[in-house]
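Below are the chains, spelled out letter by letter.
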Amino acid sequence: MSESPDVKVAPWTGPQRPYDILKEGTIALVVVAILTIGLAIVFSSPDDPQVTVQQWSTKAPIDFAQTALSELNGTSGTAQYGAPYNTASPGQKLGPFTLAKWLGATIPVNTVRDFVIDPLTDQPPTPTLSAALAQWKGAGAGQRTAWLDAYTKASSKMTFANGTVSVPTTAAGPVPVMINSLEQMARSGALDQALVTQSGFYTSNYTLPLLFLADGSYLGDLAQQRHLLGSQWGMMNETGSYPGQAWLWLYTFWYQIPPFSTSTNADVEVSAVMALLSVLLLLVPFIPGLRSIPRWTRVYRLIWRDHYRSQSA
Amino acid sequence: MSSTEIDRQWTTRLRHRLTRRLPPEKVLPDTQPAYVASWIYVFGVTTLSALGVVILSGFILALKGPQWWHVSGVGHFVNSLHLWSVEIFFFAMVIHLWSKYFMAAWRGGRSLTWVTGVVTFLVSIATAFTGYVSQTNFDSQWISTQAKDGINSTGVGSFFNVLNFGQMLMWHIVLLPLVAVLLTALHVVMVRAKGVVPPFEDKPSEEKLLREKEEAR
Amino acid sequence: MAETLLAALVSLDGTGHYFHWHWIDISYANLTVIILMVVVFVVALFLPFPGRRNKKETR
Ligand code: HEM
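Residues numbered from 1 in each chain as written. Chains lettered and ligands numbered in written order. Predicted model: local features only at pLDDT ≥ 70, side-chain atom pairs only at ≥ 80, totals over all residues. Heavy atoms only, no water.

**Q** Is there a simple way to think about the overall build of chain A in this case?
**A** Scanning chain A for helices and strands turns up 16 helices and three strands. For 313 residues, the compact-globule formula gives about 20 Å, and the C-alpha radius of gyration of chain A, at 29 Å, lies well above that figure. Expressed as lengths along the three principal axes of its C-alpha atoms, the size of chain A is roughly 95 × 50 × 35 Å. Sorting the 313 residues of chain A into buried and exposed places 45% on the buried side. Within chain A, counting contacts between residues at least 6 apart in sequence, those at least 24 apart form 53% of the total. When the accessible surface of chain A is summed, it comes to about 15,000 Å², and 62% of that surface belongs to carbon and sulfur atoms. (Helix = DSSP H or I, 4+ residues; strand = E, 2+ residues; numbered from the N terminus. Rg over C-alpha atoms; globule rule 2.2 N^0.38 Å. Buried < 20%, exposed > 50% of the residue type's maximum accessible area, 1.4 Å probe, protein only. Contact = heavy atoms within 4.5 Å. Areas by Shrake-Rupley, 256 points an atom, 1.4 Å probe, with all protein chains shown as cover.)

What follows is the structure, given as structure tokens:
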């Protein structure tokens, strides 16, 4: 065993003083309880209401329709995500390691089927919608792509009026009806339900509606107003003017500086840096240098000043 | 039945070990070494108390289920208790960490106390995180959809799905608190077993080192 | 009734304010918490501990 003063210390054989551990514990508990009750009474706590797909499509109908299109034509964040949702991309890399890819697409999400076709199919059928879905399901991949390309090209001129999404094209086959029906479905609130009930009656899994919401701009816009974006150090922040997770300061800090601020692999790189730093903190007692800083800084002379005073006396 | 047979039993050996390492006067001491005289020592017990209030307020929230606090004034107040006790908990724990660092409180065979402390700190962060994503409001929608990218990028997302509310709630109210409380218990028991770390020796005298060597022999 | 009784005395629901300096961007709420932590730590280091008057007696 090391003889270093940062490792070893002889057991104490000097004087003792009276100490009532139960009384100390009780006083601490009472003080903390009173402080908590005081803070709760004075400041309460934040509770910004949840966002629904219904609210999103009502407040930002074009953003919703564009997002629905991106799920269909495969350009949405989820469609291009890679593991764990699909195999569309290798995902982030830590040097040569594609950790996410190795663990695989364990939570499969097919954006065309899960976000558009299945919910529409579950709707009470109308002649127009049934015909459009039949046309889509009967078409080959090439035909679908041609329709989607035509719609996507014209989608910059998308308008929303009288509850209807319109795009100036006649070459998009069933796509205009599908997008428009999904918009109606969303605005009625039915899509919120359809997205969570795909796995049956009971559910506690919100993966699909959350991914869909996150693919649009609406949720992010609300977050930006609340200063919650990653680039705003949002990981630490809480809604309103409440203190948030201040203990995440170092985690969110790395995202703000190069090379991470410009890296496409920032998430996995920052995770790795934090894992490494956590291990360092864990191993402080065993790391020469790091474990000597307390002795060098002499803050301990302040903490034990009575002891050192009485020793030199 | 010989007494050596009894001595060899698992139960007997465990009891002997426990009573040797943790005699009653260490578990419930009535004196402290004289050097324990600073306000810096209160942050451990403050952290412990805050953890108690966190768990108690969490119990009340659990009685009525995860949506209650959105629709009830009393529920919202209990949620405020839960939030602020968590803030106090981390506040005190971080100062506790700084204090123990500047005392080099791992000395004299106390390194495992430090290690369990750090692990508790990390587990507490994970517990708080799962709580934030279980709020069922805008905050949890935003935090979960953001955090998924960090967690998915490491591969952990393939079995720890932050968008699965049921899974996150289970981690938050069962698994992680259980681990945090067990670790805290272990941590405090180790402090009691080892006693509070003595100050750095001013000048380790020749005589003392010699005495220690003899004792070790 | 309970709603009004248990509402916050000081509302923190308004939009937050942020300290922004170069790439540092932190809410005043978090900044307050962090500064308070440092202050409490320093005060705990310097504040005389009440027990010490008795020390001589128990020695
Ligand atoms: C749930 C979180 C924690 C609780 C409830 C807790 C509680 C305590 C208590 C009650 C003590 C004895 C009194 C004192 O010296 O303050 C103590 C001692 C200690 N704690 Fe913690 N602690 C926690 C986290 C941590 C962390 C994060 C660290 C460091 C990384 C840490 C390191 C230590 C060390 C090294 C000691 C021994 C002190 C000595 O011998 O003087 N603890 N802890």
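There's more to say after this.
**Q** Just to check I follow, could you spell out the coordination of the iron atom of the ligand for this structure?
**A** Tetrahedral metal sites with four donors have an ideal angle of 109.5 degrees; octahedral sites with six donors have ideal angles of 90 or 180 degrees. All names here are of chain B. Coordination of the iron atom of the ligand by the protein involves His96 (NE2) and His187 (NE2), with metal-donor separations of 2.0 Å. In this structure, the iron atom of the ligand is surrounded by six donor atoms whose angles at the metal cover 84 to 179°, and the resulting shape is octahedral. Of this pair, histidine 96 sits in helix H6 (residues 73-102) while histidine 187 sits in helix H9 (residues 165-194); the two residues are 91 residues apart in sequence, bridging distant segments of the chain. Like histidine 96, the residue histidine 187 is buried in the burial classification. (Donors = N, O, S within 2.8 Å, 3.2 Å for Na, K, Ca; no water. Tetrahedral: all angles 85-135°; square planar, octahedral: opposite > 155°, others 65-115°.)

**Q** Please clarify how the interface of chain C and chain B should be interpreted in this entry.
**A** Between chain C and chain B, the residue contacts involve 17 residues of the former and 18 residues of the latter. One can count zero salt bridges joining chain C with chain B. Where chain C touches chain B, the interface holds one residue pair in polar contact (both at pLDDT 80 or more). Those elements that provide at least two residues to the side of chain C that touches chain B are helix H1 (2-5) and helix H2 (28-46) of chain C. In terms of residues, the side of chain C that touches chain B owes the most to one element, H2(C), which gives eight residues. (Salt bridge = Lys/Arg side-chain N within 4 Å of Asp/Glu carboxyl O. Polar contact = N/O pair within 3.5 Å; in protein donor to acceptor, adjacent residues only side chain to side chain.)

**Q** Is there a simple way to think about the pattern of salt bridges in this case?
**A** Side chains bearing opposite charge may pair, as long as their charged atoms lie close to each other. All names here are of chain A. Considering all chains together, one arrives at five salt bridges over all chains under this definition. Among the salt bridges present, the one from arginine 295 reaches aspartate 6, with a minimum N-O distance of 2.7 Å. On the criterion of sequence distance, the pair formed by arginine 295 in helix H14 (residues 293-297) and aspartate 6 in the segment before strand E1 (16-18) is long-range, its members being 289 residues apart.

**Q** What should I look at first to understand unusual backbone geometry in this one?
**A** A negative phi angle is the norm for most residues apart from glycine, just as the trans form is the norm for most peptide bonds. Residues and elements named next belong to chain A. Between alanine 83 and the following residue, proline 84, the backbone shows a cis peptide bond with an omega angle of 5°. By the element assignment, proline 84 lies in the loop between helix H3 (61-73) and helix H4 (99-103). Residues other than glycine seldom take positive phi values, yet asparagine 162 does so here, at roughly 50°. Following the sequence through the fold, asparagine 162 ends up in the loop between strand E2 (159-161) and strand E3 (164-166).

**Q** Got a minute to help me understand the site of the ligand in this structure?
**A** Residue and element names in this part refer to chain B. Neighbouring the ligand are 24 residues; His96, Lys100, Gly117, His187 and Val197 lie closest to it. At 2.7 Å, a side-chain N or O of histidine 187 approaches a nitrogen atom of the ligand. Contact distances for the ligand include 3.1 Å between an oxygen atom and a backbone N or O atom of valine 197. Among the elements of the structure, helix H4 (42-64), H6, helix H7 (111-132) and H9 are those that each provide at least two residues to the shell around the ligand. Counting residues per element, the shell around the ligand draws most heavily on H7, at six residues. Residue classes in the shell around the ligand are distributed as 13 nonpolar, nine polar and two charged. Both of domain 1 (39-92) and domain 2 (104-194) provide at least three residues apiece to the shell around the ligand. (Near = heavy atom within 4 Å. Nonpolar A, V, L, I, M, F, W, Y, C, P; charged D, E, K, R; others polar. Domains from an automatic or database assignment.)

**Q** Explanation requested: the pairing of strand E1 (residues 18-21) of chain C in the structure shown.
**A** Every regular strand shows the same layout, with side chains that alternate between the two sheet faces. Across four bridges, the pairing between E1(C) and strand E2 (residues 24-27) of chain C is antiparallel. Bridge assignment links His20(C) to a residue of E2(C), and that residue is Asp25(C). (Pairing = 2+ DSSP bridges.)

**Q** When you look at the environment of Pro33(B) in this model, what are you seeing that I'm missing?
**A** In this structure, Pro33(B) sits in strand E1 (residues 31-33). Since its relative accessible area comes to 11%, Pro33(B) is described here as buried. A C-alpha to C-alpha distance of 45 Å links Pro33(B) and Gly75(B), two positions 42 residues apart in sequence. If sequence neighbours within four positions are ignored, Pro33(B) has contacts with Trp12(A), Pro15(A), Gln16(A) and Arg17(A).

**Q** Explanation requested: the packing of aromatic side chains in the structure shown.
**A** A ring pair, where both rings are aromatic, is described by two values, the distance of the centres and the angle of the planes. Under the criterion given, the structure shown has 30 aromatic pairs over all chains. A centroid spacing of 5.5 Å and a plane angle of 35° characterise the contact between Phe43(A) and Trp84(B), whose relative ring orientation is tilted. With Phe43(A) in helix H1 (residues 21-43) and Trp84(B) in helix H6, this pair bridges two chains. Owing to a relative accessible area of 21%, Phe43(A) belongs among the partly exposed residues under this scheme. Relative to Phe102(B), the ring of Tyr101(B) lies with its centre 5.4 Å away and its plane at 80°, an arrangement referred to as edge-to-face. Neither Tyr101(B) nor Phe102(B) differs from the other in exposure class; each is buried. Among the aromatic side chains, those forming a connected cluster through ring pairs are Trp98(B), Tyr101(B), Phe102(B), Trp106(B), Trp114(B) and Phe41(C). In this arrangement the basic side chain of Arg301(A) is found over the ring face of Tyr308(A), its NZ or CZ atom lying 3.9 Å from the centre. Lying across the ring of Phe200(B), Arg107(B) places its NZ or CZ 3.9 Å from the centre. (Phe/Tyr/Trp six-rings, centres within 6.5 Å; stacked < 30°, edge-to-face > 60°. Lys NZ or Arg CZ within 6 Å of the ring centre and 35° of its normal.)

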